[in-house]
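# Structure at a glance
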Amino acid sequence: LVLERDLREAIERGQLELHFQPKVSLRDWTVTGFEALLRWNHPEHGPISPVEFIPVAEESGLILQMGEWALGQACLEAARWPDPLQVAVNISPVQVMAQNLPDAVQRALQRSGLAPHRLELEITESVFINETRGTVERLHALGRLGVQIALDDFGTGYSSLAYLRRFPFDTLKIDRAFVRELLISRDARSIVRNILALAQSLRMSTVAEGVEEPMQVSVLEAEGCDMVQGYYASRPMPARDVIEFVLNWG
Ligand code: G
Ligand code: G
Ligand code: MN
Ligand code: NA
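From a predicted model like this one, the values you see are computed outputs, not experimental measurements.

## Side note on the site of ligand 1
Neighbouring residues of ligand 1: L37, L38, S49, P50, V51, I54, G67, A70, N90, S92 and P236. Elements with a minimum of two residues in the shell around ligand 1: β2 (31-42), α2 (50-60) and α3 (62-78). Residue contributions to the shell around ligand 1 peak at three residues, all from α2. When its residues are assigned to classes, the shell around ligand 1 shows seven nonpolar, four polar and no charged.

## Regarding the pairing of strand β1 (residues 16-25)
As defined by bridge partners, β1 adjoins β2 across nine bridges and the pair is classed as antiparallel. For V24, the partnering residue across the bridge sits in β2 and is V31. Hairpin connection, β1 to β2: the antiparallel pair is bridged by five residues, and W29 has positive phi, about 60°. Of the pairings in the sheet, the one linking β1 to strand β9 (residues 227-228) comprises two bridges and is antiparallel in character. Across the sheet, the residue bridging to V24 is V228, located in β9.

## Points about the site of ligand 2
Lining the immediate surroundings of ligand 2 are 13 residues, of which N90, G210, E212, G230 and Y231 lie closest. Counted by class, the shell around ligand 2 contains four nonpolar, four polar and five charged residues.

## Digging into the packing of α2 against α3
Two elements in contact, α2 and α3, have axes separated by 5 Å at closest approach and are oriented at 120°. Classified by the interaxial angle, the pair formed by α2 and α3 is oblique. Judged by residue contacts, A57, E58 and S60 of α2 engage L62, I63 and M66 from α3. Residues of the contact of α2 with α3, tallied by class, amount to four nonpolar, one polar and one charged.

## Points about the environment of R8
Tracing the sequence through the fold places R8 in helix α1 (residues 4-12). Residues R8 and E213 lie 205 residues apart in sequence; the distance between their C-alpha atoms is 39 Å.

## A look at the nonpolar core
Counting 63 residues, the largest nonpolar core has A36, A74, C75, V87, V89, I174 and V228 as its most contacted members. Looking at which element gives the most residues to this core, the answer is α3, with seven residues. If near-sequence neighbours (up to four positions away) are discounted, V87 is found in contact with G33, F34, A36, A74, C75, E77, A78, R118 and L119.

## Points about the confidence of the model for the protein chain
Put simply, the protein chain has an average pLDDT of 94, and 99% of its residues get 70 or more. Across the interface, the model reports ipTM at 0.97; the global pTM reads 0.97.

## A short note on the environment of L37
Here L37 lies in strand β2. On the neighbour-count criterion, L37 (19 C-beta atoms within 10 Å) is partly exposed. Considered as a pair, L37 and E17 are 20 residues apart in the sequence and their alpha carbons are 8.3 Å apart. Setting aside anything within four residues of it in sequence, one finds L37 in contact with L18, H19, Q21, P50 and P236.

Scoring rules and cut-offs
- Residues numbered from 1 in each chain as written.
- Chains lettered and ligands numbered in written order.
- Predicted model: local features only at pLDDT ≥ 70, side-chain atom pairs only at ≥ 80, totals over all residues.
- Near = placed C-beta within 6 Å.
- Helix = DSSP H or I, 4+ residues; strand = E, 2+ residues; numbered from the N terminus.
- Nonpolar A, V, L, I, M, F, W, Y, C, P; charged D, E, K, R; others polar.
- Pairing = 2+ DSSP bridges.
- Axes fitted to C-alpha atoms, helices over the stretch in contact; angles between N-to-C directions.
- Parallel < 35°, antiparallel > 145°, perpendicular 65-115°, else oblique.
- Contact = placed C-beta atoms within 7 Å.
- Core = buried A, V, L, I, M, F, W, Y, C linked by C-beta atoms within 7 Å.
- Buried ≥ 20, exposed ≤ 12 C-beta atoms within 10 Å, placed from the backbone.
- pLDDT = per-residue confidence, 0-100.

Structure below.
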């Protein structure tokens, strides 16, 4: 059970850490960038998953402080990577609805010196659940900073094709639930094929999440997916391992 008080302490005592998982191009199998993933190393309980503490952070509002830290830290790391490599940062819907997210993004870019096009913000489609008139305008304000915006976890829960019409996402990330079924279900493969066709016609690049097996890579390649992410290419790694990973890749 994660308590708000423990989480507050974790932030203050520097117990949060970012790990980075590569995205790999299916065109030439190069690494195009890394997704930053929060880790909490609890001194007594060991590592605690973001699945457990992100909801607590969202309910308590601590996500704003935590998210700003992750954004700043991810940009600082990425500024040290070889130039075209991008960093993707997960953004909670709570952060999107906070007025100051564009300011926080701008600050993170300025302090790190990272070029805006090398930062991608991953926003889950649940941002549209309680859509207000401000939601789409807030996404546009982020887009005007010159950063990339990805629609994360596409196809889960509250997915609606209407969202794709309301905001021009640069990238669409196909949820790993579909990738998991890809080799065993004709329906899953058919859904993936059609998501990819839809994304292409709307000029979005595509990433398949949770790719664990070479046969999944072959199918995604045959269906025209742009990038893969998952344990097959690499598990998330600590920041200090990223540059060496890239140098030894391929
Ligand atoms: O590796 P994984 O267990 O890291 O992540 C689990 C979930 O937590 C994913 O849905 C992921 O998007 C989310 N998550 C990981 N890091 C962050 C973060 O920095 N901010 C937000 N809002 N979500 C994150
Ligand atoms: O929701 P989001 O896409 O940001 O979630 C990323 C989550 O997916 C993290 O928990 C990460 O550790 C996890 N993940 C990354 N690659 C794989 C994979 O190949 N298989 C599984 N099961 N999980 C993965
Ligand atoms: Mn993500
Ligand atoms: Na995802």
